[in-house]
Amino acid sequence: MPRDFLTAPSYITFILANTAALCSAAALLGGRDAEARFQRLVDDLCVTSSMTSRICRELNALEDLLALEHVDDLDRVEAERFASIDPGDPVVDEICLLLDGLREARACEVLTDA
């Protein structure tokens, strides 16, 4: 059954409101595979009515991607893609804002579940 978006958790509201920017950030930082992974997450969020272990894992992966957790691992695509980004590019600020927003939305969800 499709999700009721009127009562969607804050992390879903954030992701759906910022889908285009998050998709672009995923593609920039992780390439086509990361972009496709993000699109699958969005699809899952639209049809799943509860937090599943898969959704949690994918949200963690998205947060790690935006937080540049793996850019120092030269065996991962994130290292190469990160190295090609100019630190002065405005996209860097946008990615930071997306990360902050995602973390805040996820933290709000934890607080409301407690």
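All figures in this text were calculated on a predicted structure; none of them were measured in a lab. (Residues numbered from 1 in each chain as written. Predicted model: local features only at pLDDT ≥ 70, side-chain atom pairs only at ≥ 80, totals over all residues. Heavy atoms only, no water.)

## Quick notes on unusual backbone geometry
(1) Moving on: With a phi angle near 60°, Leu68 is a residue other than glycine that sits in the positive phi range.
(2) Moving on: One can find Leu68 in the loop between helix H3 (53-66) and helix H4 (77-83). (Helix = DSSP H or I, 4+ residues; strand = E, 2+ residues; numbered from the N terminus.)

## Describing the environment of Gln39
(1) Moving on: On the secondary structure map, Gln39 appears in helix H2 (residues 19-47).
(2) Moving on: By relative accessible area, which is 32% here, Gln39 ends up partly exposed.
(3) Moving on: Sequence-wise, Gln39 and Leu29 are 10 residues apart; in three dimensions their C-alpha atoms are separated by 15 Å. (Buried < 20%, exposed > 50% of the residue type's maximum accessible area, 1.4 Å probe, protein only.)

## A few points about a negative patch on the surface
(1) Moving on: Taken together, the side chains of Asp64, Glu69, Asp72, Asp73 and Asp75 make up a negatively charged region of the molecular surface.
(2) Moving on: Structurally, Asp75 can be placed in the loop between H3 and H4.
(3) Moving on: Among the residues examined, Asp75 registers a relative accessible area of 75% and is labelled exposed. (Patch = residues over 30% accessible without salt bridge, like charges linked within 9 Å, V, L, I, M, F, W, Y side chains within 5 Å. Areas by Shrake-Rupley, 256 points an atom, 1.4 Å probe, with all protein chains shown as cover. Salt bridge = Lys/Arg side-chain N within 4 Å of Asp/Glu carboxyl O. Lys, Arg positive; Asp, Glu negative; His and termini not counted. Charge placed at Lys NZ, Arg CZ, Asp CG, Glu CD.)

## Describing the confidence of the model for the protein
(1) Moving on: Confidence in the prediction for the protein averages 90 pLDDT; 90% of positions are at 70 or higher.
(2) Moving on: H2 holds the highest mean pLDDT among the elements of the protein, 97, whereas helix H5 (residues 90-113) holds the lowest, 88. (pLDDT = per-residue confidence, 0-100.)

## Considering the environment of Arg106
(1) Moving on: Following the sequence through the fold, Arg106 ends up in helix H5.
(2) Moving on: Distance from Arg106 to Ser53, taken between C-alpha atoms, is 15 Å for residues 53 residues apart in sequence.
(3) Moving on: When residues no more than four places from it in sequence are discounted, the contact partners of Arg106 are Tyr11, Cys56, Leu59, Asn60 and Glu63. (Contact = heavy atoms within 4.5 Å.)

## Description of the packing of H2 against H3
(1) Moving on: Running from amino to carboxyl end, H2 crosses H3 at an angle of 160°, the nearest separation of the two axes being 10 Å. Classified by the interaxial angle, the pair formed by H2 and H3 is roughly antiparallel. As for how H2 packs across H3, the hand of that crossing is left-handed. Residues Leu22, Ala25, Ala26, Leu29, Gly30, Ala34, Arg37, Phe38, Arg40, Leu41, Asp44 and Leu45 of H2 pack against Arg54, Ile55, Glu58, Leu59, Ala61, Leu62, Leu65 and Leu66 of H3.
(2) Moving on: Residues belonging to the contact of H2 with H3 are distributed by class as follows: 14 nonpolar, 1 polar and 5 charged. (Axes fitted to C-alpha atoms, helices over the stretch in contact; angles between N-to-C directions. Parallel < 35°, antiparallel > 145°, perpendicular 65-115°, else oblique. Left-handed = near helix turned anticlockwise from the far one by under 90°. Nonpolar A, V, L, I, M, F, W, Y, C, P; charged D, E, K, R; others polar.)

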